[in-house]
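# What the coordinates show
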Amino acid sequence: MADINSALTAKKIPHSMTHHGHQRIDNYYWMRDDQRKNDEILNHLHVENEHVAAALAPHKSLQTSLFEEMKARIVKDDSSVPVKDGTYWYVSDVSGDNEYACHYRAKDEHLNEKTLLLDVNELAREHEYYDVGDLAVSPNDQLLAYSEDLDGRRIYTFRFKDIASGEYLHDVLANTEGELVWGNDNKTVFYVRKDEQTLLGTQVYRHILGTPQSDDVLVYEEHDHQFYMGLGKSRDESQIYIYLSATETSDVLVLDAARPEGKFERLIPRTMGHEYGLDKLGDTYYILSNNNAMNFRLLTASQQNIAQVQQWQEVVAHRADVLLEGLELFDSHFVVTEREMGQIRFVVHDYQGGSYQLTFNDACYYAGVGQNPEPGATTVRIYYSSLTTPSSVYDCDLVSGNKVLRKQQEVLGEFNSDDYGCERVFVTSRDGVNIPVSLVYKKASFKKDGTNPLLQYGYGAYGITIDPTFSSTTLSLLNRGFVYAIAHIRGSEMLGRTWYENGKKAFKENSFNDFVDVTRSLTQQGYGDSNKVFASGGSAGGLLMGAVANQAPELYLGIGCHVPFLDVLTTMLDETIPLTTNEYDEWGNPNNAPDYHSILAYSPYDNIEAKDYPNILVTTGLHDSQVQYWEPMKWVAKLREYKTDNNLLLFKTDMDAGHGGASGRFKSLHEKALEMAFFISLLD
C-alpha cells in the first residue's frame, strides 16, 4: 500500500497567483501541458489508471457482467426511420457488432435500391477514436461533404465525395468546427475555421471546389470572443446564415444562397442582452425573441422591416410561466415548443390564427421536434421518451394532431415498462424554492421505506435542461434495487428563464445548494437509504460534484465525477485556455473583483479542506477540448494531499478520447460499467 500511495503522491511546485490583492498558491499548476507530451505527466496518468484497475480488480467480473448485460439490451441490427429531404429518403443502419452506422439514401420510403453514402465503420477502422460531425449533401444531390474528428478535440476535417461514382474529390478542409453549408451553385461551401490553441471558431471561410484550402477567402471574422459561431440555412433554403451566440446576446448575418460570392450582412442590429432565434419561409421571418420578454415571445417581420425591431408583429405573447423553446415552420402550419412547470408541449398553429396542443401523459418525459427537412410535409416528426418509455418516433398530422408511432426503441431481454415506476416530485430548498425532481425505480424492489440505494444526477448550467429520458443502461441499477433521481436544479431552464438566471454567476451556489437539499429531502422521504446515496455528474455537472463534495461530503457514499470543470477560477483567468472568454456571461469575469470573489467562494479546487471525503471516481479524456485533463488531475492530487479518510479516490484517463468520452455504441458502455461497478462494490 505504501508503494502505491508513494506513486500516487504528486510532487508540489508552488506557483503563486495574485489578483485583486488576493494571493493563491497552486502546488500542482505544473501538471498543465498543452502539447500533452510531457513524460512525467503522462507517466503519472498511467500510474493513476493502473491504480484504478488494481482497486477495482476484485470487481472485474461485476464490471464485465454489467457491460455484457447493457450490451445485450441493444438491438444489434437497427435502423433509423427514413427521412425525406428533397428527392431522396435518408436512413442510417447499424448491424452486428459494428460500433458505427452506415448512411444510405433511396428514391422511395421503402428504401428499394438504396445507395451507400458513408460506411463509418470502414472510416473508423484504423483509429482508436472516430467521430463524424456533419453530413451535408449538395443542393443538386450529387456531392456529399462530411467532417471527421480523429482524437476527440472536436477539430474536424471535411472531405468530399461524388455520390454516384464513390470517388473522393481532392478538396480537404482542415481545422474546422465540423459544420458546412452549401451555396446553391453546388460548388461553393462555407465553413468555420477553428483556432487550434483556443479552440474558438471566429472566422468563416468560403471555399470553391477544385481549389486548395490555402486559396479560401475569409468572409467574416468575429473579434468579440464571447461569441460562439455557427452556420445554417433558412427553411426555404434561400439564405445562408452565420449565427453568433454569446450567453446573453444573439446576432445573425445573412447572405443570398444563390449569390455565394456576395457579402454577409448583419440582419438585425446587435444589442447586448437581446437573445433570439429566427427562421424564414417565403417573405416572412419568424423570430423567437426575449426583447421585453424574459421567457421569449414569437414575432414576425418582413424582409423590409426585419432590422426594425419595433416594427415586428407579435404572434405569441410572452407569459411569465411559459418558456418558448423552439419553432418549426411548415407551408401550412408552424409548431412552437413550449415548457410550463418543466413539462414540454407542442402548440400547432395554422396561419389563420387557429391552434391546438400536442401533449403526452407520462408523469415525467422529454419530447422534441425531430428531423423535418421538408416544409411541404403534412406531418411533424416528434421524438418522445420518458423514464419508463423507450425512445419513440411519432409522425403527427398537422391538421388533426393524430399521432402515428413510426418506431420505438426495442430493448432486448426481459424488459417490461410496466415493471418500472416514475414520479415527479418537488423538494423545498433552504431558501424556500421548490426544486423539481424526476425519479424512476423498479416497482418490485421499491417500498419507499428508506432502504434503497439512491443515485442522484445533476447538471445545472448554461440553461441546459436535463429532461427525464429512457436509458437502457440505467436498468442495470434499477434491477439491483437502485432509485435513480434527476435533480432539476437552478442553472437549467426547467422552470423558465428565471430558473437559469438564478443559477449562474453570482447566484451559482444555488445550484449546489439545490442538489444537496434534494438529497436530504429524498432520504427523509424514504426514497433512499441515507447511508447508500451516490451522486454523478459530468462537465459542468462535474463542477457540481466537486462543489457538493466540499459542501456536504457526509451525505454521499460515492461520487462519479466525469470530465469535470473543477479549477474554475484559474481557468476563467486564463484566456489562452479553450473557450474561457465565451464563458464570462455564465460564470462571471474574474478580472473584475466581485466576480473573482464569487467564483473563489465555490471553485472546487480552491475549496478543498482537510476533512473526510466520499469515495470518488474521476474520469477524463487526455484530449478533452472543453475541460482540460489537468483540471481533474490537479484536483485529485490536491484531494490526496488534504483528505483525512481512507476512502477510494480513483482517477481514470482515457488516453485516446476527448470531452465526449469513447466513440462507438459499445465502447462507451465500458465507461458506464466502470461507474456502476464502482457504486455497487461500495454497497458490499
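First, a word on what this report is: a plain description of the structure on this page. (Residues numbered from 1 in each chain as written. Predicted model: local features only at pLDDT ≥ 70, side-chain atom pairs only at ≥ 80, totals over all residues. Heavy atoms only, no water.)

### Observations concerning the packing of aromatic side chains
If you walk through the whole model with that rule in mind, you get 27 aromatic pairs. Ring centres of Y286 and F334 lie 5.7 Å apart, and the angle between their planes is 45 degrees; this geometry places the pair in the tilted category. You can see Y286 sitting in strand β20 (residues 284-289) and its partner F334 sitting in strand β24 (residues 333-340), a full 48 residues away along the chain. Comparing Y286 with F334 shows no difference in burial state: the two are buried. In textbook terms, an aromatic cluster arises when at least three aromatic residues are bridged by ring pairs, as seen for F360, Y365, Y384 and Y394. Looking at K403, its charged tip hangs above the ring of F360, at a distance of 5.0 Å from the centre. A cation sits over an aromatic face here: K638 above Y605, 4.7 Å from the ring centre. (Phe/Tyr/Trp six-rings, centres within 6.5 Å; stacked < 30°, edge-to-face > 60°. Helix = DSSP H or I, 4+ residues; strand = E, 2+ residues; numbered from the N terminus. Buried < 20%, exposed > 50% of the residue type's maximum accessible area, 1.4 Å probe, protein only. Lys NZ or Arg CZ within 6 Å of the ring centre and 35° of its normal.)

### Some details on empty space enclosed by the protein
Using the criterion set out here, one finds four cavities of 30 Å³ or more in the structure. Space inside the largest cavity adds up to approximately 60 Å³. Surrounding the largest cavity, Y29, R32, D567, T570, T571, D574, I577, W630, E631 and K634 form its lining. Every element with two or more residues in the lining of the largest cavity is listed here: α9 (568-572) and α12 (630-642). Split into classes, the residues belonging to the lining of the largest cavity amount to three nonpolar, two polar and five charged. Computed from the structure, the second largest cavity encloses a volume of approximately 50 Å³. Every residue along the wall of the second largest cavity is listed here: Y457, G458, Y459, G460, I464, I466, I486, A487, H488, I489 and S492. For the lining of the second largest cavity, the per-class residue count stands at seven nonpolar, four polar and no charged. (1 Å grid on protein atoms, 1.4 Å probe; cavity = no way out; pocket = protein on both sides within 12 Å on 5 of 7 lines; lining within 4 Å. Points joined across faces, edges and corners; volume = space filled by probe spheres on them. Nonpolar A, V, L, I, M, F, W, Y, C, P; charged D, E, K, R; others polar.)

### Observations regarding helix α11 (residues 593-600)
Of all the residues in α11, the buried ones are Y596, S598, I599 and L600. Packing partners of the buried residues in α11 comprise β1 (15-19), β2 (22-26), α9 and α10 (584-587). (Contact = heavy atoms within 4.5 Å.)

### Here's the deal with the nonpolar core
Nonpolar side chains tend toward joint burial in soluble globular proteins. Counting residues in each nonpolar core, the largest one holds 73 residues, and the members touching the most others are F515, L522, Y556, W587 and W635. When residues in this core are grouped by element, the largest group, seven residues, is from helix α8 (residues 540-551). Excluding residues within four positions of it along the chain, W587 makes contact with A461, Y462, K505, K508, A540, L543, F565, M572, I599 and Y602. If you look at the next biggest cluster of nonpolar residues, it comprises 33 residues, including L66, A677, F679 and I680. (Core = buried A, V, L, I, M, F, W, Y, C linked by side-chain atoms within 4.5 Å.)

### Some remarks on the sheet that holds strand β31 (residues 420-428)
With mixed pairing, the eight strands of this open sheet are ordered in space as β31-β32-β34-β33-β35-β36-β37-β38. Of all the strands in the sheet, just β31 and β38 (649-654) have a single pairing partner and so form its edges. On average, each strand axis in the sheet is tilted by 15 degrees relative to the strand beside it, whichever way the strands run. For strand β33 (residues 454-457) and strand β35 (residues 533-538), the ladder comprises four bridges, and the chain directions are parallel. Directly across from Q456, in β35, lies its bridge partner A535. (Pairing = 2+ DSSP bridges. Axes fitted to C-alpha atoms, helices over the stretch in contact; angles between N-to-C directions.)

### Remarks on unusual backbone geometry
Located in the positive-phi region is E113, a residue other than glycine, with phi close to 55 degrees. Relative to the helices and strands, E113 resides in the loop between β6 (102-106) and β7 (115-119). Exposure remark for E113: the relative accessible area of 77% places this residue in the exposed category. A positive phi is found at N186, a non-glycine position, where the angle reads about 65 degrees.

### Quick look at the side chain of S147
Relative to the elements of secondary structure, S147 occurs in strand β9 (residues 143-149). Overall, the relative accessible area of 0% leaves S147 in the buried class. A polar side-chain atom of S147 sits 2.9 Å from the main-chain carbonyl oxygen of G178. The contacts of S147, once residues within four sequence positions are left out, are D131, V132, G133, D134, Y156, T157, F158 and G178. (Polar contact = N/O pair within 3.5 Å; in protein donor to acceptor, adjacent residues only side chain to side chain.)

### A closer look at the pairing of strand β23 (residues 322-329)
Within β23, six of the eight residues are buried, which leaves the element mostly enclosed by the surrounding structure. Sheet topology places β23 next to β24; seven bridges connect them, and they run antiparallel. By the bridge assignment, V322 is partnered in β24 with E340.

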